[in-house]
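Each chain is listed here by its residues.
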Amino acid sequence: MPGSAPLRDEEDWALNQRVVGGDRAAFQLLVLRHEGRLRAFLARAAGSDADDLAQEAFVRAWQRASDFRGQGSYAAWVMGIGWRLFLDQRRTARRREGLAAGEAHVDATDPHPASDAAIDADRLLAALSVQERAALTLCFGHGWSHGEAAGIMGVPLGTLKSLVLRGRAKAQKMSGGGTDA
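Keep in mind that this is a model prediction, so the values were computed, not measured.

Novice: Talk me through helix α6 (residues 130–141); I want residue IDs and the actual numbers.
Specialist: Most of α6 sits inside the fold, with nine of its twelve residues counted as buried. Of the residues making up α6, those classed as buried are Val130, Glu132, Arg133, Ala134, Ala135, Leu136, Thr137, Leu138 and Cys139. Positive backbone phi, approximately 75 degrees, marks Gly143, located one or two places after α6.

Structure representation (structure tokens):
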């Protein structure tokens, strides 16, 4: 839908301005608009911790509403908060656990049965680095442009493009689409 994104961005900006003034109803609308996409992204990046991270991301978005300046979309801003929370959680866990064997892997268990294609995609993504997985999920799973994904992840555009290329190449190789296994 051409033209709908700028309108939505303007609506989100107006809602956030109301949030700055303490309007809980406006914040509820922002959460309803963006929580599904945030949770889906974090589920790929963080596994079973996605719901807690998404909730914390929205708590931070409420607390820091005045930090959103309208440069870029609100969705990208809140996704960036979620991504940084995930990275912080991951660093903290690594320090605390001393990188115990096997615990550095993403928990891919899900109480809901998935199709074979979804299971294969999860296996391929789980074999990638966290940053490669996030880059592919943002660009191909959620439709963000490379520039938007770079902003969400807080990396330069060239780095994001490299992560996407490396992640795609690894995934293709693992799925038999590459030259050698």
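Novice: How would you sum up the packing of aromatic side chains? Please name residues and give values.
Specialist: Following the criterion strictly, the structure yields eight aromatic pairs and no others. Residues Phe27 and Phe58 carry aromatic rings whose centres are separated by 6.3 Å and whose planes lie at 75 degrees to one another, so their mutual orientation is edge-to-face. Within this pair, whereas Phe27 is found in helix α2 (residues 24–46), its partner Phe58 is found in helix α3 (residues 50–63), the two being separated by 31 residues in sequence. Note on Phe58: relative accessible area 6%, which makes it buried. Ring geometry for Phe68 and Trp77: centres 5.3 Å apart, planes at 45 degrees, overall tilted. Neither Phe68 nor Trp77 differs from the other in exposure class; each is buried. By the ring-pair criterion, three or more aromatic residues cluster together here, those being Trp13, Phe68, Tyr74 and Trp77. Of note, Arg37 hangs over the ring of Trp144, and the distance from its end group to the ring centre comes to 4.1 Å.

Novice: Residue-level account of the side chain of His142, with values.
Specialist: Mapped onto the elements of the fold, His142 is located in the loop between α6 and α7 (146–153). Judged by relative accessible area, His142 falls into the buried class, the value being 17%. Beyond its immediate sequence surroundings of up to four residues, His142 is in contact with Arg37, Ala40, Phe41 and Thr137.

Novice: An account of the pattern of salt bridges is needed here, citing residue identities and associated values.
Specialist: In this structure the tally under the stated criterion is nine salt bridges. Note that Asp51 is salt-bridged to Arg39, the shortest N-O span being 2.9 Å. Pair noted here: Asp51 is in helix α3 and Arg39 is in helix α2, with a separation of twelve residues, a long-range link. On the basis of relative accessibility, which here comes to 26%, the residue Arg39 falls in the partly exposed class. Residue Glu132 is joined to Arg166 by a salt bridge in which the shortest nitrogen-to-oxygen separation is 3.3 Å. With Glu132 in helix α6 and Arg166 in helix α8 (residues 157–174), this residue pair connects regions lying 34 residues apart in the sequence. For Glu132, a relative accessible area of 2% puts it in the buried group. Since its relative accessible area comes to 43%, Arg166 is described here as partly exposed. Each member of the salt-bridge network shares a partner with another, and the members are Glu11, Asp12 and Arg33.

So, how was this worked out
- Residues numbered from 1 in each chain as written.
- Predicted model: local features only at pLDDT ≥ 70, side-chain atom pairs only at ≥ 80, totals over all residues.
- Heavy atoms only, no water.
- Buried < 20%, exposed > 50% of the residue type's maximum accessible area, 1.4 Å probe, protein only.
- Helix = DSSP H or I, 4+ residues; strand = E, 2+ residues; numbered from the N terminus.
- Phe/Tyr/Trp six-rings, centres within 6.5 Å; stacked < 30°, edge-to-face > 60°.
- Lys NZ or Arg CZ within 6 Å of the ring centre and 35° of its normal.
- Contact = heavy atoms within 4.5 Å.
- Salt bridge = Lys/Arg side-chain N within 4 Å of Asp/Glu carboxyl O.

Bear in mind that shape data such as this cannot, by itself, settle questions of function.
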